[in-house]
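Analysis of the macromolecular model
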Protein chains: 2
Amino acid sequence: MAKAGSAERGADAAPGARRRKQHARRQEVLDTAARMFFERGYEATTTQDIGAALGLLKGSVYYYISSKQDLLFELVQQYHDDTREHFEPILASDAPPVDKLRELIMVDTAHTARNLERSTLFYTEWRSLPQERRSVIVAERARHESAVQEWIVAAQAAGAIRPEVDAKIASFAIFGMVNSVYRWFTPDGRKSAEEIGRDFSDLVLGGLLTAAD
Amino acid sequence: MAKAGSAERGADAAPGARRRKQHARRQEVLDTAARMFFERGYEATTTQDIGAALGLLKGSVYYYISSKQDLLFELVQQYHDDTREHFEPILASDAPPVDKLRELIMVDTAHTARNLERSTLFYTEWRSLPQERRSVIVAERARHESAVQEWIVAAQAAGAIRPEVDAKIASFAIFGMVNSVYRWFTPDGRKSAEEIGRDFSDLVLGGLLTAAD
């Protein structure tokens, strides 16, 4: 049994290695496309440009890249999957809603700043995707907005958030602020992605004014 | 003298009326372009489409429209001139810096929401303009950011704004929030452009938390 088991593992290892290699190659294609779209713009970059940067022969580009739009969609999806990955644990946690809100603003701001190429693409080249491809992500983002609105309403019921705050407008304000960080963040700037995330959450929760005002 | 004066006015009236008519016609061209760029996107709209919507004969389109990019630039400039027009009185006023900040957030948010076609163009088609055309506006926007940063620092010195606030990060957060309103505002929504401006300024100044927290 042990022998058969290891023989099976041996038989699985080769396709596993091949899959890993294919996956690594795919990731390399996507990273190169992300960098080129970021530096030159999506419109100005051709599939052949990306192939050349990867050292692919002209004939084999379409083996790796079916279309430029597919690459954009995959990049936008990857960025979005990563966003979901840090959103779900916060959503599932038992922490008080104000703590969830604080955590989300910090983590989402830092995530946007850390993934500058993909987040820039996500926010600026969005309109280059057809309606049906956008709608999947639009639905997911509406879920995030609803969660933030529910947290605000729950925190208002608990007396932690001011009763006059409009939960819907506040959620739009928060995402507008968080999502705009790609416009000016630079990795070699004065503050790290995480520090900016903390500044943003302090600002949203505490406001600018001193408590005395 | 009175007669000579009125003769002069009479002589000026004709070119004045012509100028006003030309100006009105130009405004009509710009409004149509703004609406079409907004509805179909800048890339997808041609100069001939705009001419057809204006009822211009094919041959006379280029009398009114030198290029699509010129129209985009003029629309972006108009939007920006209007922004400056409400910014300058706030900048020049003797009000305490916190009041200036409150006023700017209210007015700028409402302005972005009220001018949905032009503000959307301004934020989404920005990259379609060449570097030298962008740089004029970039310089002007940097002036606004600097002013907000100075107000925050002055308010901190006066004890009105929390000393731990990073003025630069806060100014980016504020403009990120204010500028994102075009993404979701609808003129027939639950709240007016002015009400949203007030909600935004309350949020930035007072934060979400109740004073007790």
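Residues numbered from 1 in each chain as written. Chains lettered and ligands numbered in written order. Predicted model: local features only at pLDDT ≥ 70, side-chain atom pairs only at ≥ 80, totals over all residues. Heavy atoms only, no water.

**Re the packing of helix H8 (residues 167-179) of chain A against helix H9 (residues 193-206) of chain A**
Residue and element names in this part refer to chain A.
- Close contact between H8 and H9 brings their axes to 11 Å; oriented N to C, the two are set at 160 degrees. In terms of their interaxial angle, H8 and H9 are classed as roughly antiparallel. For the pair H8 and H9, the sense of crossing is right-handed. Touching Ile174, Met177 and Val178 of H8 are Phe200, Leu203 and Val204, all from H9.
- Residues that form the contact of H8 with H9 fall into these classes: 6 nonpolar, no polar and no charged. (Axes fitted to C-alpha atoms, helices over the stretch in contact; angles between N-to-C directions. Helix = DSSP H or I, 4+ residues; strand = E, 2+ residues; numbered from the N terminus. Parallel < 35°, antiparallel > 145°, perpendicular 65-115°, else oblique. Left-handed = near helix turned anticlockwise from the far one by under 90°. Contact = heavy atoms within 4.5 Å. Nonpolar A, V, L, I, M, F, W, Y, C, P; charged D, E, K, R; others polar.)

**Details of the domain arrangement of chain A**
All names here are of chain A.
- Each assigned domain of chain A is listed with its residue range as follows: domain 1 (1-66) and domain 2 (68-208).
- Put simply, the middle of domain 1 and the middle of domain 2, counted by C-alpha atoms, are 30 Å apart.
- Listed by partner, the interface residues are 19 residues for domain 1 and 15 residues for domain 2.
- In terms of surface lost to domain 2, no three residues of domain 1 exceed Leu30, Phe38 and Tyr42, which account for 43% of the buried area on that side. (Domains from an automatic or database assignment. Buried area = accessible area lost by both parts, 1.4 Å probe.)

**Let's talk about the packing of aromatic side chains**
- All told, the structure shown has 18 aromatic pairs over all chains when counted by the stated rule.
- Taking 5.1 Å as the distance between ring centres and 50 degrees as the angle between the ring planes, the aromatic pair formed by Tyr79(B) and Phe122(B) counts as tilted. Here Tyr79(B) is found in helix H4 (residues 68-92), whereas its partner Phe122(B) is found in helix H6 (residues 116-124), with 43 residues between them in sequence. Each member of the pair, Tyr79(B) as well as Phe122(B), carries the same accessibility label: buried.
- Measuring from centroid to centroid gives 6.5 Å for Tyr79(B) and Tyr123(B), while their planes differ by 80 degrees, and the two rings are edge-to-face. In this pair, Tyr79(B) sits in helix H4 while Tyr123(B) sits in helix H6, placing the two residues 44 residues apart along the sequence. Pair check on accessibility: Tyr79(B) and Tyr123(B) agree, each one buried.
- Against the face of Tyr64(A) rests Arg25(A), its NZ or CZ located 5.1 Å from the ring centre.
- When the ring centre of Tyr42(A) is taken as origin, the NZ or CZ atom of Lys68(A), which lies over that ring, is 4.5 Å away. (Phe/Tyr/Trp six-rings, centres within 6.5 Å; stacked < 30°, edge-to-face > 60°. Buried < 20%, exposed > 50% of the residue type's maximum accessible area, 1.4 Å probe, protein only. Lys NZ or Arg CZ within 6 Å of the ring centre and 35° of its normal.)

**Describing the UniProt feature "domain: HTH tetR-type" (unreviewed entry) in chain A**
- When the UniProt feature table is mapped to this numbering, "domain: HTH tetR-type" (unreviewed entry) covers residues 23-83 of chain A.
- Along residues 23-83 of chain A the backbone is 74% helical and 0% strand, and the end-to-end C-alpha distance reaches 21 Å. (UniProt positions renumbered as here; feature names shortened; annotations may be inferred.)

**Notes on the relation of the copies chain A and chain B**
- Superposing chain A onto chain B requires a rotation of 180 degrees together with a translation of 0.0 Å along the rotation axis, leaving an RMSD of 0.0 Å. Such a combination of rotation and displacement between the chain copies is what one expects of a two-fold axis. Rotation axis and chain A: the residue whose C-alpha lies nearest the axis is Gly207(A), separated from it by 1.8 Å. (Least-squares fit on C-alpha atoms with pLDDT ≥ 70 in both.)

**Considering the interface of chain A and chain B**
- In this assembly, 40 residues from chain A lie in contact with 42 residues from chain B.
- Of the roughly 3600 Å² buried between chain A and chain B, counting both surfaces, carbon and sulfur atoms make up 60%.
- Inspection of the chain A/chain B interface yields 4 salt bridges.
- At the boundary of chain A and chain B, one finds 18 residue pairs in polar contact (both at pLDDT 80 or more).
- When residues of the side of chain A that touches chain B are traced back to their parent elements, those giving at least two are helix H5 (97-114), helix H6 (116-124), H8 and H9 of chain A.
- Residues belonging to the side of chain A that touches chain B are distributed by class as follows: 20 nonpolar, 8 polar and 12 charged. (Salt bridge = Lys/Arg side-chain N within 4 Å of Asp/Glu carboxyl O. Polar contact = N/O pair within 3.5 Å; in protein donor to acceptor, adjacent residues only side chain to side chain.)

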